[in-house]
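# Coordinate inspection notes
What follows is each chain in one-letter form.
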Amino acid sequence: VFLANLLVQKYGKCGSLRDARQVFDEIPRPNLFSWSSILHAYAASKNLGEAKDLFDKMPVKDLVSSSALIKAYAQAGHLKDAERIFHSLPRKDSVACNIMIGAYSQRGCIDKAKGIFDQTPSKTVISWNNMISAYAKSGYLSKARGVFDSMPEKNVVSWNLIFHAYAGAGRFHEAKGIFDSMPDRDVVSWTAMLGAYAETGHILKAKRMFDCMDVRNTVTWNIMFRAYVDAGQMDDAKSLFDAMPERDTVAWNTLVAAYVQYGRMDEACEAFDAMEERTVVTWTTMIAGYGRHRNLSEAKRLFDRSPEKNVVSWNAMLQAYVESQCFEGAKEIFDRMPEWDVVSWTALVAVYADAGHLCRARDLFDEMPQRN
RNA sequence: CGCUACGGCCUAUCAUAGG
């Protein structure tokens, strides 16, 4: 059984859900490990419905499988369902609590996150790390720092988190100081420091750091690539892209976005066509690119062809109509969207405001569910 | 209750309006 479980996990990790499921179905007497492995595979692939069905079919549900489902709900933004399962747990361990802390902090519910943290039994370094991350995400830098300073033990992730909190807040020098005083650094630490140099326009320092790193991963390469793009050094960027040992979709998406940004739509297309795997980000980049260049028909064609849509891609399509002054089309898209965020609403308010329909703009503004 | 092979949690990079 445990060999089969290993197979299920391996297939799950590389996204071959079908194979994972087949192996699972052939296990005569699946144990808890088998169940949570297949459940985790579904949850990780955002197959929420299947995950839920499997969970309901489980003869015995333990903390591990429940936590996997809580995580899946939380990632899908179904905070209520996540909470329901969490609260129905007879016993909550630190992992389950950590997942809830992450879920709350993702939505900015910092007080609820803190509440769970305070109730977490036998906290681990990950529990404290989660709180650093929660405070940092909500912009409470000094609170994050307070957690960092008071935690009983730190690991390299703790250091990376506090580094990122300072760097993200624009406190470059303090971040650099933190980097210099790290007891250990891993590839994430180095890459984050590289990213901080890139962010602040220190391309040469970034490149020097890149060259002397002994371990690089795709993120490292992607950040260096992006740094060249942002500096307008497209030739260097392209050489670096070509030199990458492997190119993931983020690398390709960055390349497409770079061409779009510099108005080189034909090359953007070429890169788009050369990709073997595209994500919703890829499609959105192209749609937005055509939108910006007033090529409404191409934008629309890609949008209709795109296999997956989210609120960002809908917004890009909406904006494409706006750019082309096609306000009826924009309104129609807005009405067809399955969900809206502040960006969608703002775009529509701006349409009416620009057209001089101030009353209509004001009405919409009052109707907005959230504002920023 | 603890131990025992396989399962769950934290950090860095990409897209949409405004700023």
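Scroll up a little and you will see the structure.
In this report, we go over the structure that sits alongside the text. (Residues numbered from 1 in each chain as written. Chains lettered and ligands numbered in written order. Predicted model: local features only at pLDDT ≥ 70, side-chain atom pairs only at ≥ 80, totals over all residues. Heavy atoms only, no water.)

Per the secondary structure count, chain A includes 24 helices and zero strands. Seen through its C-alpha atoms, chain A measures out along the principal axes to roughly 60 × 50 × 45 Å. Within chain A, the fraction of its 372 residues that count as buried is 44%. Accessible area for chain A stands at about 20000 Å²; split by element, carbon and sulfur atoms hold 53% of it. Measuring between centres, the 45 positive side-chain charges of chain A sit 5 Å from its 46 negative side-chain charges. (Helix = DSSP H or I, 4+ residues; strand = E, 2+ residues; numbered from the N terminus. Buried < 20%, exposed > 50% of the residue type's maximum accessible area, 1.4 Å probe, protein only. Areas by Shrake-Rupley, 256 points an atom, 1.4 Å probe, with all protein chains shown as cover. Lys, Arg positive; Asp, Glu negative; His and termini not counted. Charge placed at Lys NZ, Arg CZ, Asp CG, Glu CD.)

Next up on the list: the packing of aromatic side chains. A complete count under the given rule lists 14 aromatic pairs for this structure. Ring centres 6.3 Å apart and planes at 85° place the aromatic pair tyrosine 135 and tyrosine 140 in the edge-to-face group. The exposure class of tyrosine 135 is buried, given its relative accessible area of 8%. With 5.1 Å between their ring centres and 85° between their planes, phenylalanine 241 and tryptophan 252 make a pair best called edge-to-face. Taken as a pair, phenylalanine 241 in helix 16 (residues 234–243) and tryptophan 252 in helix 17 (residues 249–261) lie far apart in primary sequence, eleven residues in all. Chaining the aromatic ring pairs together yields one cluster made of Phe163, Phe179 and Trp190. It is lysine 61 that lies over the ring of phenylalanine 55; its NZ or CZ is 5.3 Å from the centre. In this structure, arginine 185 packs its charged tip against the face of phenylalanine 179, placed 4.8 Å from the ring centre. (Phe/Tyr/Trp six-rings, centres within 6.5 Å; stacked < 30°, edge-to-face > 60°. Lys NZ or Arg CZ within 6 Å of the ring centre and 35° of its normal.)

So, about the protein's contact with RNA strand B. Neighbouring residues of RNA strand B: 49 residues in total, closest Phe2, Gln9, Phe33, Ser36 and Asn98. Within the contact set of RNA strand B, a base oxygen lies 2.6 Å away from a side-chain nitrogen or oxygen of asparagine 253. Tallied by class, residues from the surface near RNA strand B come to 21 nonpolar, 23 polar and five charged. (Near = heavy atom within 4 Å. Polar contact = N/O pair within 3.5 Å; in protein donor to acceptor, adjacent residues only side chain to side chain. Nonpolar A, V, L, I, M, F, W, Y, C, P; charged D, E, K, R; others polar.)

So, about helix 14 (residues 203–212). Counting along an α-helix, one turn takes 3.6 residues, and residues three or four places apart therefore face a common direction. Within helix 14, the full set of buried residues consists of Ile203, Ala206, Met209 and Phe210. Burial along helix 14 is one-sided: seen end-on, the buried residues are contained in an arc of 125°. Along helix 14, exposed side chains directed more than 90 degrees from the buried face belong to Leu204, Arg208 and Cys212. For helix 14, the elements touching its buried residues are helix 12 (172–180), helix 13 (187–199), helix 15 (218–230) and helix 16. (Arc of directions from axis to C-beta. Contact = heavy atoms within 4.5 Å.)

Turning next to the pattern of salt bridges. A side chain with one charge may pair with a side chain of the opposite charge, provided their charged atoms come close. Taken as a whole and judged by the stated rule, the model has 19 salt bridges. One salt bridge connects arginine 21 with glutamate 50, and the closest N-O pair in it is separated by 3.6 Å. Of this pair, arginine 21 sits in helix 2 (residues 17–25) while glutamate 50 sits in helix 4 (residues 48–57), and the two are 29 residues apart along the sequence. The exposure class assigned to arginine 21 is partly exposed, which follows from its relative accessible area of 22%. Residue lysine 331 pairs with aspartate 335 through a salt bridge whose shortest N-O separation is 2.9 Å. A residue pair is termed a helical-turn pair when its members lie 3 or 4 positions apart in one helix, as lysine 331 and aspartate 335 do in helix 22 (residues 327–336) at four residues. Overlapping salt bridges bring together Arg21, Asp25 and Glu50 as one network. (Salt bridge = Lys/Arg side-chain N within 4 Å of Asp/Glu carboxyl O.)

On to the layout of surface pockets, then. Taken as a whole, the largest pocket spans an internal volume of roughly 470 Å³. In this structure, the largest pocket is lined by Lys46, Glu277, Arg278, Thr279, Val280, Glu308, Lys309, Asn310, Val311, Glu339, Trp340 and Asp341. (1 Å grid on protein atoms, 1.4 Å probe; cavity = no way out; pocket = protein on both sides within 12 Å on 5 of 7 lines; lining within 4 Å. Points joined across faces, edges and corners; volume = space filled by probe spheres on them.)

The next subject is the side chain of threonine 120. Examined against the element boundaries, threonine 120 turns out to sit in the loop between helix 8 (110–119) and helix 9 (125–137). At a separation of 2.8 Å, a polar atom in the side chain of threonine 120 contacts the main-chain carbonyl oxygen of isoleucine 116. Not counting the four nearest positions on each side in its chain, threonine 120 is found in contact with Ser94, Cys97, Ile101 and Ser127.

A separate point is the packing of helix 19 (residues 280–292) against helix 21 (residues 311–323). As a packed pair, helix 19 and helix 21 sit with axes 8 Å apart at the nearest point and diverge in direction by 10°. Considered as vectors, helix 19 and helix 21 are oriented roughly parallel to each other. Touching Val280, Thr284, Ile287, Ala288 and Gly291 of helix 19 are Val312, Ser313, Ala316, Met317, Ala320 and Glu323, all from helix 21. (Axes fitted to C-alpha atoms, helices over the stretch in contact; angles between N-to-C directions. Parallel < 35°, antiparallel > 145°, perpendicular 65-115°, else oblique.)

The next point concerns the environment of alanine 206. Among the secondary structure elements, alanine 206 is positioned in helix 14. According to the relative accessible area criterion, alanine 206 is buried, its value standing at 0%. Sequence separation between alanine 206 and valine 60 is 146 residues, and the spatial gap between their C-alpha atoms is 52 Å. Other than its neighbours up to four places away in sequence, alanine 206 contacts Leu194, Tyr197, Ala198 and Met224.

With that settled, consider the side chain of serine 313. Considering the arrangement of structural elements, one finds serine 313 in helix 21. There is a polar contact of 2.8 Å between the side chain of serine 313 and the backbone nitrogen of asparagine 310.

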